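# Observations on the three-dimensional arrangement
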Amino acid sequence: MTIQEEMKKRRTFAIISHPDAGKTTMTEKMLLFGNLIRSAGTVKGKKSGKFATSDWMEIEKQRGISVTSSVMNFPYQGYQVNILDTPGHEDFSEDTYRTLTAVDSVVMVIDGTKGIEAQTLKLFKVCKMRGIPIFTFINKMDREGREPLELMEEIESTLNIETYPMTWPVGMGKRFMGVFDRENDQFVRYTGNEEETYIPFSELDQHPDLTEDPTYQEAEDELMLVDEAGDGFDLEKVMKGEQTPVFFGSALAPFGVETFFNTFIRYAPEPAPRRSTEGVVSPEHEEFSGFIFKIQANMNPQHRDRIAFVRICSGKFERGMNVTLSRTGKAFKLAQSQQFVASSRGTVEEGYAGDIIGIYDPNVYRIGDTIVTGKQNFEYDELPQFPPELFKKVTAKNVMKSKQFKKGLEQLVQEGAIQLFKHYHFEDYIIGAVGELQYEVFEYRMKNEYNVEIELTSIGERIPRWLPEDQVDESMFDDRNMLVLDREQKPLVLFKNDFSLRWFQDKHEDVELIDLFEVNKYDQSYE
Ligand code: G4P
């Protein structure tokens, strides 16, 4: 098979959801389709692990399979599926956001009893900003939940995206009877056990037990309404992240997961071209290239190893190949040292655009780095900087250690593990993160890798807004609206809350405040 044919088979995606919406259950069902695990069952021990990556190690232990943390891959119906894990819960961090830079599409799992929740909204914003195609699975239809029409409206208005129901549910909870599969013109009947029965629309009149049920008739009316008043399916819009195909089901039952997955896998995009300093690079390009979106230290506590996760963007990866790190121009051989994240642990001999590989990092890589082969010499677009929400002041417990402290800070900032800010006037360092986990990891690494104990003092949740340098008037700011500098010495204000942000905007209408999410959306025009 050619490089191009291999590439076209790749489906690389992440599942996003709010904690407890059913991401783990859903992933597990997908792994079952891929024969990666032999039997379904609830993943235990999930909540006891401190880091989300333990989810998969835990599954691995229990089922005797080899899924390593972070990436799972398996062949399915002629496609090569790569699922990237995005930690949720308190494990939420910039890693979670950055993972979304390495996927070609996203599956958004929503708890049908709750609708859109906070974490889903945050992750969704990143997908929207990057124009990633989003497929929606509304879960837990086996429980009494919100009305489907209401859920669709909530998705449209809260997330500002068109919806197209690929399936439409009949009833819910105890009255749940199945879904209309609009894509395949059939009714998928829920029987309460794992079997799904398919009835072509043309044969539905032979099933009066179904069609004469008031719950069925009500759903049929709704479907007619959706047919008439709803948007038509528009693949082009889906590919731009402007429309989301919506499916209903239950990951636990399981019901509707297979119908979802089969349609998803057909419509989900193959690896997309990516922008670089030398223009757009096609995934069909023969020469190998990729970028590092995540670095994980201490995957194995016995050895202090660091693994860099590379998203392959073009060409073919082969074990033992020589690559150049574009940032430094230095060459490396990806030989013995690389470890692979694959369905079978150990080394994998080859990889193509869309695949994720884990390479051993002898402390040379940074997040966002590009590696290439041959005469190529370019870097992929920088990964966007994500606006932090939590801020803490950081100091070394022992002032004698200030040299190591600064070195640790500097290196961890370079690696992309944390975002560092400095008070506009004082030598105060402030760390910004999107989740608590980042602080835990930071504290741990400062102690273990740099031998410095640190003290973190929370200054709470803040709303960061950048502002043009020439508009900085120090008298406008105080501790509530704190003026700081980012690592490129660009000024920004940490607003205490929405109220103080609005109050400031009203008072200083001429000051242009920049929201990083908006900036990222407009192609880093702020540069
Ligand atoms: P997460 O990874 O998104 O955090 O969610 P997870 O799959 O762990 O699911 C959260 C809870 O919701 C689990 O129950 C799970 O069994 C349940 N669940 C997932 N999908 C469905 C569904 O389609 N229907 C119903 N009724 N429940 C579903 P738990 O009690 O928190 O955990 P456990 O004791 O079952 O492990």
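Residues numbered from 1 in each chain as written. Predicted model: local features only at pLDDT ≥ 70, side-chain atom pairs only at ≥ 80, totals over all residues. Heavy atoms only, no water.

Looking up the chain in an unreviewed UniProt entry gives the name Peptide chain release factor 3, with the organism given as Halobacillus andaensis. According to UniProt, the comment filed for the chain under the heading Sequence similarities (unreviewed entry) is "Belongs to the TRAFAC class translation factor GTPase superfamily. Classic translation factor GTPase family. PrfC subfamily." UniProt, in the comment section headed Subcellular location (unreviewed entry), describes the chain in these words: "Cytoplasm". (UniProt positions renumbered as here; feature names shortened; annotations may be inferred.)

Following both chains from N to C, one finds helix α2 (residues 23-33) and helix α10 (residues 257-267) inclined at 70°, their axes separated by 11 Å at the closest point. When the interaxial angle is binned, α2 and α10 end up roughly perpendicular. Counted together, Met26, Lys29, Met30 and Phe33 of α2 and Val257, Glu258, Phe260 and Phe261 of α10 form the full contact between these two elements. Counted by class, the contact of α2 with α10 contains six nonpolar, no polar and two charged residues. (Axes fitted to C-alpha atoms, helices over the stretch in contact; angles between N-to-C directions. Helix = DSSP H or I, 4+ residues; strand = E, 2+ residues; numbered from the N terminus. Parallel < 35°, antiparallel > 145°, perpendicular 65-115°, else oblique. Contact = heavy atoms within 4.5 Å. Nonpolar A, V, L, I, M, F, W, Y, C, P; charged D, E, K, R; others polar.)

Read from one edge to the other, the open sheet built from four strands follows the order β7-β8-β9-β10, with strand pairing classed as antiparallel. The open sheet terminates on both sides in strands that have one partner only, identified here as β7 (167-170) and β10 (196-200). The sheet shows a mean angle of 25° between the axes of neighbouring strands, direction not considered. Looking at chain direction, β7 and strand β8 (residues 178-181) are connected through four bridges and run antiparallel. Bridging from a neighbouring strand, threonine 167 pairs with aspartate 181 of β8. Helix α8 (residues 214-229) rests against β7, β8 and β9 (186-190) of the sheet, and its axis sits at about 155° to β7. (Pairing = 2+ DSSP bridges.)

Its location among the elements puts glycine 34 in the loop between α2 and α3 (54-63). Look at glycine 34 and you get buried, because its relative accessible area is 11%. The spacing of glycine 34 and valine 81 is 47 residues in sequence and 8.6 Å in space, taken between C-alpha atoms. Non-local contacts of glycine 34, meaning those with residues more than four positions away in its chain, are made with Phe74 and Pro75. (Buried < 20%, exposed > 50% of the residue type's maximum accessible area, 1.4 Å probe, protein only.)

Below, the discussion takes up the sheet that holds strand β6 (residues 162-165). As summarised here, the arrangement of the seven strands in space is β2-β3-β1-β4-β5-β11-β6, forming an open sheet in which the pairing is mixed. Of all the strands in the sheet, just β2 (71-76) and β6 have a single pairing partner and so form its edges. Mean inter-strand twist for the sheet, computed between neighbouring axes without regard to direction, equals 25°. Alignment of strand β4 (residues 105-111) against strand β5 (residues 134-139), held across six bridges, turns out to be parallel. For valine 107, the partnering residue across the bridge sits in β5 and is phenylalanine 135. Packing of helix α5 (residues 118-130) onto the sheet brings it into contact with β1 (10-17), β4 and β5, and relative to β1 it is tilted by some 145°. Sheet strands touched by helix α6 (residues 148-159): β4, β5, β6 and β11 (243-248). Its angle to β6, the strand with the most contacts, is close to 150°.

This part takes up α10. For α10, a buried count of eight out of 11 residues is recorded, marking the element as mostly surrounded by other parts of the structure. Residues Val257, Thr259, Phe260, Phe261, Thr263, Phe264, Ile265 and Tyr267 constitute the buried set of α10.

Take the pattern of salt bridges next. Summed over the entire model, instances satisfying the criterion amount to 25 salt bridges. One salt bridge in this structure joins lysine 140 and aspartate 111, with 3.4 Å as the shortest N-O distance. A residue pair is termed long-range when its members are at least 10 positions apart, and lysine 140 in the loop between β5 and α6 and aspartate 111 in strand β4 qualify at 29 residues. Taken individually, lysine 140 and aspartate 111 each receive the classification buried, so the pair is uniform in this respect. For glutamate 453, the salt bridge is made with lysine 397, and the minimal N-O distance between the two is 3.7 Å. Of this pair, glutamate 453 sits in the loop between α12 (436-450) and β25 (454-461) while lysine 397 sits in the loop between β22 (390-396) and α11 (402-415), and the two are 56 residues apart along the sequence. For glutamate 453, a relative accessible area of 41% translates into the label partly exposed. A network of salt bridges, in which partner residues are shared, links Glu6, Lys9, Arg10 and Asp355. (Salt bridge = Lys/Arg side-chain N within 4 Å of Asp/Glu carboxyl O.)

In this section: unusual backbone geometry. Cis geometry marks the peptide bond from alanine 253 to proline 254; its omega dihedral reads -10°. Among the secondary structure elements, proline 254 is positioned in the loop between β11 and α10. The residue lysine 140 is not glycine, and still its phi comes out positive at about 70°. For lysine 140, a relative accessible area of 19% translates into the label buried. In this model, asparagine 363 sits at a positive phi of 70°, which is unusual for a non-glycine residue.

Quick look at helix α13 (residues 498-507) now. Looking at α13, one finds that the buried residues are Ser500, Leu501 and Phe504. Buried residues in α13, looked at end-on, bunch into an arc of 105°, giving them a common side. In α13, those exposed residues whose orientation departs by more than 90 degrees from the buried face are Phe499 and Asp506. Where α13 is buried, its residues meet β26 (463-466), β27 (481-485) and β28 (491-495). (Arc of directions from axis to C-beta.)

Leu100, Phe180, Tyr365 and Ile371 are the most contacted members of the largest nonpolar core, which has 77 residues in total. Inspection of this core shows a minimum of three residues originating in each of domain 1 (3-267) and domain 2 (274-372). Excluding anything up to four places from it in sequence, tyrosine 365 contacts Ile292, Ile295, Arg306, Ala308, Leu325, Arg327, Phe332, Leu334, Ile359, Tyr360 and Ile371. With 27 residues, the next largest nonpolar core counts Ile15, Ile83, Val107 and Tyr267 among its residues. (Core = buried A, V, L, I, M, F, W, Y, C linked by side-chain atoms within 4.5 Å. Domains from an automatic or database assignment.)

It is worth spelling out the pairing of β4 at this point. Within β4, seven of the seven residues are buried, which leaves it mostly tucked inside the rest of the structure. Here β4 shows no split at all, with Ser105, Val107, Val109 and Asp111 on one side and Val106, Met108 and Ile110 on the other all buried. As paired strands, β1 and β4 are joined by five bridges and run parallel to one another. Bridged to phenylalanine 13 within β4 is serine 105.

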